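What the coordinates show
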Amino acid sequence: MEFVYETIEHGKPEFPIGFHETHCPEGFRLYPHIHEEFEFFVLAEGSGTLLIDGVPFSLSQGEGAFVNSRCIHLGTPLSSDPAFFYAIVFSPQIFGSYVNDIVIDKYVAPVIHRSLELPVLYKREIPWQAEALEIVENMYQLRRQEAPCSELTLKSQLFHLWSIFCQHGRDIGSASGTGRGNLDEIRHAIEFIDKEYASKLTLSDLAKQAHMSESHFCRSFTEVMRMTPFAYIQQVRIQKSCQSLKNEDTPISGIALSCGFNDFSYYSRRFREIIGCTPSAYRKQAFASYRAQITEAKADAKLQKNP
């Protein structure tokens, strides 16, 4: 199997910190995507290349990377060895109010607006980066614990982590808008695909979103995303279907149709090519993984009550 997504925690509106982990039995893979939240990514096992806004960062086991809000990011393998990674995804809102809040004004908004550039790559050989990785690991280990004041503990560690980021950030001021090429235009197209993936999308539709000619858009998109626009649409549709497959009551044929596939046999073939197994096998494994997580969480809770 190529890769299996295992969602551990999405976060909640009142506490927007999500934890996600993925096992990749045949080499590191992360499908291209974009979101408003910040993300800290850790490659716990294996090696691979994380591309952020078209810039490649090689990661070895135990290394991490910071992904800013609305950055296009994807992962490609450096080998076929198994890999495992996890990510902590958190909304800027976790830091406070956007009105009259010095933390937001000085340390969060400038990052979002690209006037404060935070370091991307984190290695264990550099002491302050090793400290950041240790904090992230602690947060990851706390993700399922129901200890007293766990939300306070997580949030305090996140603030500590952000403080380390900002201490080593670089104020680039008015340079924030330079050298970005067509990235903003490509983002518009990606966000459009994310909303309209189930519709019949044409190259003309996407090029209009990016305010480019069709040929220019196709070249620019492929350069940033390492795949053609239509290959990306297929990826999005398949990944959206993966989420729906976790609902045991929805027929797989209905999921295929709702995600933009009118031909079920074509959907099954593309699913196997991209995910590495059939949709029904994926559904079966997703439920087995979910049951295992519930069992582990119950065991952890019992251990905390009776140490």
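Described below are features of the structure shown in this document. (Residues numbered from 1 in each chain as written. Predicted model: local features only at pLDDT ≥ 70, side-chain atom pairs only at ≥ 80, totals over all residues. Heavy atoms only, no water.)

1. Topic: the pattern of salt bridges
In total, this model carries eight salt bridges according to the counting rule given. Here Glu-36 ties to Arg-70 by a salt bridge, and the two come within 3.6 Å at their closest N and O atoms. Remark: Arg-70 occurs in the loop between strand E7 (63-67) and strand E8 (73-77) and Glu-36 occurs in the loop between strand E3 (30-33) and strand E4 (38-45); sequence separation between them is 34 residues. A salt bridge links Arg-187 to Asp-53; its shortest N-O distance comes to 2.7 Å. Note that Arg-187 is positioned in helix H4 (residues 183-196) and Asp-53 in the loop between strand E5 (48-52) and strand E6 (55-59), a separation of 134 residues in sequence. Judged on exposure class, the residue Arg-187 and its partner Asp-53 are both buried. (Salt bridge = Lys/Arg side-chain N within 4 Å of Asp/Glu carboxyl O. Helix = DSSP H or I, 4+ residues; strand = E, 2+ residues; numbered from the N terminus. Buried < 20%, exposed > 50% of the residue type's maximum accessible area, 1.4 Å probe, protein only.)

2. Some words on the side chain of Arg-270
Along the polypeptide, Arg-270 turns up in helix H9 (residues 264-275). According to the relative accessible area criterion, Arg-270 is buried, its value standing at 16%. For Arg-270, the side chain forms a polar contact with the side chain of Gln-234, separated by 3.3 Å. (Polar contact = N/O pair within 3.5 Å; in protein donor to acceptor, adjacent residues only side chain to side chain.)

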